Amino acid sequence: MYKSIEICAGAGGQALGLEMAGFEHVALVEYEPDYCECLRKNRPGWNVECMDVRHFDGRPYRGEIDLLAGGVPCPPFSVAGKQLGSEDERDMFPQMLRLVREINPKTVQIENVRGFLGKTFDSYRSSILTQLNKLGYNVHISLLNASDYGVPQLRPRAIIVGVRTDLFDSFTFPPKEQSQNETVGDAIYDLMAAKGWKDAMAWRHKACKIAPTLVGGSKKHGGPDLGPTRARQAWAELGIDGRGVANEAPEADFTGMPRLTPRMLARLQGFPDDWDFGTKKTTACRMIGNAFPPPVAKAVGLQIKKVLDSQALDLAV
C-alpha cells in the first residue's frame, strides 16, 4: 500500500475513500474531539492525531509519504459565508503548503468548495498554485461533481492534485461514471420504509432526482437541518421536510413530508451504513454535511495511484 497523511480529516470521508483506493494512512490530523472519536471508533487501527494542524510537524515524515491530502476548511471560500479567503482565521492553505515543504510527498490532493474557483479568489488561487509549482509540483485543478461518481447528490468540489516534478506526470482526473444517477428515492427508500410507512413507495416516486448539496454548517451556526430557505425548497420538491432532522424513520401511519435521519444523510453523502457518527444528532449532521464523499475521494485516489504505480514500475525495470 502507498503511505498517506491527511490533515483536516473531519469524520473520515476522504480518508475512507483513499483507503478504498489503496492508501495506508500514516497519520490523520483533526482538531475537533468529536471528529477524532468518530475516526478512532470506525477505524481503531488509524493513527489519529487530535490536534491543531498548526502544531503538526511534518519533518519526521520527510521523503516517506506518497500522498499528502487535505479537505481544508471551506468557510473562507463558501458562498454561504463571508468569503474572507486568506483573511479568514480558518484558512488552512498556508498549513498545507508548509507541510508540503516539510514532507516533500510524491503527490498532493486538496479539496475545497466550488467557491474557491470563483473570480473573487483568482489572485489567491493563483498564489497557491504558484507556490506549489515552486515547491516542485505539476498542478492539476478541476471541478468535480459528486453525482458523476455514484453519489446521489449535487455536490461540486474543487480538487487540486500536485505531482512532484521528478515523477512522470500521467495524472488525469477520473472520467465520469456512465451509469445512470441513482435518485434520492432509490438511494434511501429502504431506510424511509424501515418502520412500515404506508406512503413510502409513493414518496420514492416523488423523490426522483438527486439531492441538493448537503450542508454541515460551522460549529457556531450549524444545526440539524438541511440548510437555508432555498435549499429547503429544493428538498420539499423531493417530498422532504428540510427544517430539521429526524431521529427515526416515519411510522406506518405518518402523514405529510418526512424528515431525513442522520443515517439517510450519510448514505446520500456516500458513506457506508456501518460508519458510526455517534449519538449527538447536531454533531453527526455537521460531520456528514461537511464531509468529502468517499466515492469521489476513491475515484481521485485511484487516479493518483496510477501515477505512483507507473513510478514503481519504472523503478522495477
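Draft legend 1. Here's a closer look at the overall build of the protein chain. Assigned secondary structure in the protein chain consists of 10 helices and 7 strands. For the protein chain, the share of sequence-separated contacts (at least 6 apart) that also reach a separation of at least 24 residues comes to 67%. As presented, the protein chain carries roughly 14,500 Å² of accessible surface, and 50% of it is formed by carbon and sulfur atoms.

Draft legend 2. Examining the confidence of the model for the protein chain more closely. For the protein chain, mean pLDDT is 90; residues scoring 70 or higher make up 90% of the total. Counted against residues more than four places away or in other chains, residues 76–88, with its pLDDT under 50, gives 27 contacts.

Draft legend 3. Highlighting the pattern of salt bridges. All chains considered together, the criterion is met by 22 salt bridges. The salt bridge involving Lys41 is made with Asp276; its shortest N-O contact spans 3.9 Å. A residue pair is termed long-range when its members are at least 10 positions apart, and Lys41 in helix α2 (residues 33–42) and Asp276 in the loop between α8 (262–268) and α9 (281–289) qualify at 235 residues. With a relative accessible area of 38%, Lys41 lands in the partly exposed category. Put simply, Lys119, Asp122 and Arg125 are held in one network by salt bridges that share partners.

Draft legend 4. Up close: the packing of α2 against α9. Packing of α2 against α9 leaves a shortest axis separation of 11 Å and a crossing angle of 75°. In this view, α2 runs roughly perpendicular relative to α9, as classed from their interaxial angle. Contacts between α2 and α9 involve Asp34, Tyr35 and Cys38 from the first element and Thr283, Arg286 and Met287 from the second. For the contact of α2 with α9, the residue count by class is 3 nonpolar, 1 polar and 2 charged.

Each value, and the rule that gives it
- Residues numbered from 1 in each chain as written.
- Predicted model: local features only at pLDDT ≥ 70, side-chain atom pairs only at ≥ 80, totals over all residues.
- Heavy atoms only, no water.
- Helix = DSSP H or I, 4+ residues; strand = E, 2+ residues; numbered from the N terminus.
- Contact = heavy atoms within 4.5 Å.
- Areas by Shrake-Rupley, 256 points an atom, 1.4 Å probe, with all protein chains shown as cover.
- pLDDT = per-residue confidence, 0-100.
- Salt bridge = Lys/Arg side-chain N within 4 Å of Asp/Glu carboxyl O.
- Buried < 20%, exposed > 50% of the residue type's maximum accessible area, 1.4 Å probe, protein only.
- Axes fitted to C-alpha atoms, helices over the stretch in contact; angles between N-to-C directions.
- Parallel < 35°, antiparallel > 145°, perpendicular 65-115°, else oblique.
- Nonpolar A, V, L, I, M, F, W, Y, C, P; charged D, E, K, R; others polar.

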